Amino acid sequence: MKKLLFVLFLFSAGATFAQEGVSVSKNTLTTKETPPIWPGCEDFSGTSKTCFKEKLTQHLKENYKFPKDKAGNYIRGKAIVSFVINKEGKPVISKVEGAKKELNEEAKKIILAIPPMTPGQMAGKPVEVSYKVPFTF
């Protein structure tokens, strides 16, 4: 009889635990994420993402150069650069896609010229944040 009561107790405790698990699974737990902060965006009145996009766009415009071939003609085409802002706040190229080597090299040069910044954070710890930038030369 004691064994039966013990088994019933365990079963009812397990059922209660399972019910509690259902209610807990409906809760959402999030950690605070912050994107990298471009130099000059520390005191930006809007969101740091908006400032980052504005500064990146400005950087691309200022450093955008059309590469030329040996004959002095502009090389036309596209390149897509995938990169991360690493835990130290520096850009690191992870992939360059494009048909022409000269365009890929120029696109890499532009991205690697991004200034060091405050790295992105998750739960207060530095993390790598990925980006992808298309270039049309």
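Preceding block: the structure.
No experiment lies behind these values; they were computed from the predicted model shown.

A.B. asks: Teacher, can you tell me more about the nonpolar core here?
C.D. replies: A general trend in soluble globular proteins is that nonpolar side chains are found buried together. Core analysis: the largest hydrophobic core is formed by 20 residues, its most contacted members being Ile111 and Phe135. If you list the elements that add at least two residues to this core, you get helix H2 (48-63), strand S2 (78-85), helix H3 (101-112) and strand S6 (129-136). Excluding anything up to four places from it in sequence, Phe135 contacts Leu60, Tyr64, Gly77, Lys78, Ala79, Val81, Ala107, Ile110 and Ile111.

A.B. asks: Would you explain the pattern of salt bridges in this entry?
C.D. replies: Oppositely charged side chains can form a pair if their charged atoms are brought close together. According to the stated counting rule, one finds two salt bridges in the structure shown. Close ionic contact of Glu106 with Lys109 constitutes a salt bridge, the shortest N to O distance being 3.6 Å. Separated by three residues within a single helix, Glu106 and Lys109 lie in helix H3, roughly one turn from each other.

A.B. asks: Whenever I open this one, the pairing of S2 confuses me. Can you help?
C.D. replies: Consecutive residues of a regular strand have side chains that alternate between opposite faces of the sheet. Counting buried positions along S2 yields six of eight residues, so the element is predominantly enclosed. Alignment of S2 against S6, held across eight bridges, turns out to be antiparallel. Bridging across to S6, Lys78 finds its partner in Thr136. Summarising the sheet, S2 and strand S3 (residues 91-98) pair through seven bridges and their orientation is antiparallel. Bridge pairing in S3 links Ser82 to Lys95. Hairpin connection, S2 to S3: the antiparallel pair is bridged by five residues, and Gly89 has positive phi, about 85°.

A.B. asks: What is the right way to look at the sheet that holds strand S4 (residues 120-122) in this model?
C.D. replies: Within a sheet, each strand pairs with its neighbour through backbone hydrogen bonds, oriented either parallel or antiparallel. Across the sheet, three strands lie side by side as S1-S4-S5; this open sheet has antiparallel pairing. In the strand order of this sheet, the two ends are held by strand S1 (33-34) and strand S5 (125-127), each with one partner. Inspection of the sheet shows S4 paired to S5 by three bridges, in the antiparallel sense. From the neighbouring strand, Gly120 faces S5, where its bridge partner is Val127.

The rules behind these values
Residue numbers here run from 1 along each chain, matching the order of that chain's written sequence. Reporting in this predicted model follows two pLDDT cut-offs: at least 70 for local features of residues, and 80 or more for side-chain atom pairs to be given and counted; totals over whole chains, interfaces and linings ignore these cut-offs and use all residues. Excluding hydrogens and water, the side-chain figures rest on all heavy atoms present in the structure. Take the buried residues of types Ala, Val, Leu, Ile, Met, Phe, Trp, Tyr and Cys, join any two whose side-chain atoms come within 4.5 Å, and each joined set is a nonpolar core. For the exposure calls, accessible area comes from a 1.4 Å probe over protein chains only, and a residue counts as buried if that area is under 20% of its type's maximum, exposed if over 50%, partly exposed in between. Starting at the N terminus, helices and strands are each numbered in turn, a helix being any DSSP run of H or I of at least four residues and a strand any DSSP run of E of at least two. By the convention used here, residues are in contact when the closest approach between their heavy atoms is within 4.5 Å. Whenever Lys or Arg places a side-chain nitrogen within 4 Å of a carboxyl oxygen from Asp or Glu, that contact is recorded as a salt bridge. For two strands to be treated as a pair, DSSP must find at least two bridges joining them.

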